[in-house]
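Notes for the structure review
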Amino acid sequence: MNKIVLLTATALGACLWGCGNPQTVTVTVTNPLDAERTGEMIEVPAAQVFQSLDLPDTAHVIVCNAQAQEIPYQLTHDGKLIFPVSVSAKGTEAYTIRQGTPAETDTVAYGRHYPERLDDIAWENDRAAYRAYGPALQQKGEQAYGYDVFTKNTDRLVVEDRYAMELDTAAWAKINALRKAGKKQEADELVRQISYHVDHGNGMDCYAVGPTLGGGTSALMPDSAIVYPYCYKEYEILDNGPLRFTVKLTFNPLVIGNDSDVVETRIIRLDKGSQLNQTTVTYANLSQPTPVAGGIVLHAANAEGYAHNAQEGYIAYADPTTEPQSDNGIVYVGAVFPDTTVQTKVQLFDKPAGDALGHVLGICTYRPGDTFTYYWGSGWSKYGFDTDESWTDYLKAYAKQVRHPLQVTVK
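Residues numbered from 1 in each chain as written. Predicted model: local features only at pLDDT ≥ 70, side-chain atom pairs only at ≥ 80, totals over all residues. Heavy atoms only, no water.

As annotated in an unreviewed UniProt entry, the protein is DUF4861 domain-containing protein from Phocaeicola intestinalis.

The structure is reproduced here in structure tokens:
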């Protein structure tokens, strides 16, 4: 991970000069809501910026806010220049872009493929971390359809270190030797020392997925029945920091009604500062309009700990984690829906699947050739969310923001 390089007096002077230089692009951002929006990522067409500055698209630029402070940016795979903005309630802010060498910044959104851990795709930002299961896990026959949640309580990247510790071959050789020697207690203690299921000071994996939608997975629902996608078939990482991680996941064909070759594709992105992943889902070879849902599993340890509101565009759940008697805190899980036609409800299984009772769902109609875009993610009671209400308040505010996006103009 890159070290943070503080903006020096020289760099600040350059930004002050650049923001008054005629050879600049001005990005005006207006907030239509009566609530302040802080650190929200905006996108502008990179080609328009470079053309306006008469620069090749390989040139470096500097982005300044209205206080002439340099802020970080990223160029994305789909031709966007993105950067975080802050705008007061009903306010307008101007940002400027000019040619120059930007200061270094931390990478705060990162992920990768972990072939050493059954083809996991795991990713994180400064707020939360997630995992999607891969083909090697499916080949083992393990049923884990949904997204997994890793809690964290630091803005540092932690997932890479967790995997390195969990998969330490030397440690596992010692564990197996201790077990073979009949030293179970010593072996178990060493397992605890390296396991990412134990909080070593920055969070852990204490979320149960199983044969469910887990932490917010999408699924088609013909005749009100969930058709579970299995683990992804192929992946492509499209963006990998410093401010945005984006991955494309393609799944094996599904049988949906009379359609026997329906292929689901998801583009998942996580931005700096956000608890939620934006996910855009498409279904190729689907011939009929079909209900589609984003869902969160409900567990027996907190059967009534959910909330949902179609009008406000969110579903939420307070998950007591896989060890409710320990000090793991509460994992808050939720999803937000921009589509105002989404309906929300709880749908229970005919019989529990282990400790999973069913799902809280947001459902709308997917039409062939269209897209289903929604946001899903998590928070933790040990990192910014003290109560169930604080989590649902976050989701309500997020839903307002995606339903009333910032208005951006580039000149």
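**Here's the deal with the environment of Asn125**
One can find Asn125 in the loop between β9 (120-124) and β10 (129-132). Between the C-alpha atoms of Asn125 and Gly273, which are 148 residues apart in sequence, the distance is 7.2 Å. If we skip the residues at most four places from it in the chain, Asn125 touches Val108, Ala109, Lys152, Leu270, Asp271, Lys272, Gly273 and Ser274. From its side chain, Asn125 meets the backbone nitrogen of Arg127 in a polar contact 2.8 Å long. (Helix = DSSP H or I, 4+ residues; strand = E, 2+ residues; numbered from the N terminus. Contact = heavy atoms within 4.5 Å. Polar contact = N/O pair within 3.5 Å; in protein donor to acceptor, adjacent residues only side chain to side chain.)

**Some words on the sheet that holds strand β7 (residues 92-99)**
Ordered by their spatial adjacency, five strands build an open sheet running β4-β3-β7-β1-β25, and the pairing between neighbours is antiparallel. Looking at which strands have only one partner, the edges of the open sheet turn out to be β4 (70-71) and β25 (407-410). Where strand β3 (residues 61-64) lies against β7, four bridges are found, and the strand directions are antiparallel. Each bridged residue has a counterpart across the sheet, and for Cys64 the counterpart in β7 is Thr96. (Pairing = 2+ DSSP bridges.)

**Points about the pattern of salt bridges**
It is possible for side chains bearing opposite charge to pair when their charged atoms get close. In the structure shown here, the tally under the stated rule is 15 salt bridges. Glu124 is the partner of Lys152 in a salt bridge, and the nearest nitrogen-oxygen pair spans 2.7 Å. Of this pair, Lys152 sits in the loop between β11 (148-150) and α4 (159-166) while Glu124 is found in strand β9, placing the two residues 28 residues apart along the sequence. For the pair shown, Lys152 and Glu124 are each scored as buried. The closest approach of N and O atoms between Arg131 and Asp205, which form a salt bridge, is 2.9 Å. Remark: Asp205 occurs in the loop between α6 (184-194) and β12 (215-220) and Arg131 occurs in strand β10; sequence separation between them is 74 residues. According to the relative accessible area criterion, Asp205 is buried, its value standing at 3%. Salt bridges linked by common partners bring Arg117, Asp120, Arg131, Asp148 and Asp205 together as one network. (Salt bridge = Lys/Arg side-chain N within 4 Å of Asp/Glu carboxyl O. Buried < 20%, exposed > 50% of the residue type's maximum accessible area, 1.4 Å probe, protein only.)

**Details of the nonpolar core**
Among the nonpolar cores identified, the biggest contains 50 residues, and Trp123, Tyr207, Leu249, Tyr283, Phe372 and Trp376 are the most heavily contacted of them. If we skip the residues at most four places from it in the chain, Tyr283 touches Ser218, Ala219, Leu220, Val262, Val263, Glu264, Val292 and Tyr366. One finds Val25, Val63, Tyr73 and Leu406 within the second-largest nonpolar core, a separate group that totals 23 residues. (Core = buried A, V, L, I, M, F, W, Y, C linked by side-chain atoms within 4.5 Å.)

**So, the pairing of strand β19 (residues 306-309)**
Here four bridges tie β19 to strand β20 (residues 314-319), and the two strands are oriented antiparallel to one another. Its bridge partner being in β20, Ala307 is matched across the sheet by Ala316. Between the antiparallel neighbours β19 and β20 lie four residues, among them Gly313 with a positive phi of about 80°.

**Section: the sheet that holds strand β6 (residues 80-87)**
With respect to topology, three strands assemble into an open sheet ordered β2-β6-β5, the strand pairing being antiparallel. Since the sheet does not close on itself, it has two edges, and those belong to β2 (37-45) and β5 (74-75), each with one partner. Sheet topology places β2 next to β6; seven bridges connect them, and they run antiparallel. Paired with Glu43 across the strands is Ile82, a residue of β6.

**Remarks on the environment of Leu75**
With respect to the helices, strands and loops of the structure, Leu75 is situated in strand β5. Judged by its relative accessible area of 39%, Leu75 falls in the partly exposed class. Along the primary structure Leu75 and Ile256 are separated by 181 residues, whereas in three dimensions their C-alpha atoms are 38 Å apart. Apart from the residues within four sequence positions on either side, Leu75 is in contact with Ala46, Phe50, Lys80 and Leu81.

**Some words on the side chain of Lys152**
You can call Lys152 buried: its relative accessible area is 1%. At 2.6 Å, the side chain of Lys152 forms a polar contact with the backbone oxygen of Asn125. Side-chain polar atoms of Lys152 contact the backbone oxygen of Arg156, separated by 2.8 Å.

**Overview of the side chain of Glu40**
Looking at where Glu40 falls in the secondary structure, it is placed in strand β2. Polar side-chain contacts of Glu40 include one of 2.9 Å to the side chain of Arg37. Residue contacts for Glu40: discarding those within four places in its chain leaves Phe83, Pro84, Val85, Gln401 and Leu406.

**As for the packing of aromatic side chains**
Geometrically, a pair of aromatic rings is defined through the distance of the ring centres and the angle of the planes. Taken as a whole and judged by the stated rule, the model has 22 aromatic pairs. Centre to centre, the rings of Trp123 and Tyr130 are 6.2 Å apart; their planes meet at 40°, and the pair counts as tilted. Considered together, Trp123 and Tyr130 belong to a single accessibility category, that of buried residues. Centre to centre, the rings of Tyr145 and Tyr228 are 4.8 Å apart; their planes meet at 20°, and the pair counts as stacked. Placement of the pair is Tyr145 in the loop between α3 (135-139) and β11 and Tyr228 in the loop between β12 and β13 (234-240), with a sequence separation of 83 residues. Residue class for Tyr228 comes out partly exposed when judged on its relative accessible area of 24%. The side chain of Arg127 reaches across the aromatic face of Tyr383, ending 3.9 Å from its centre. (Phe/Tyr/Trp six-rings, centres within 6.5 Å; stacked < 30°, edge-to-face > 60°. Lys NZ or Arg CZ within 6 Å of the ring centre and 35° of its normal.)

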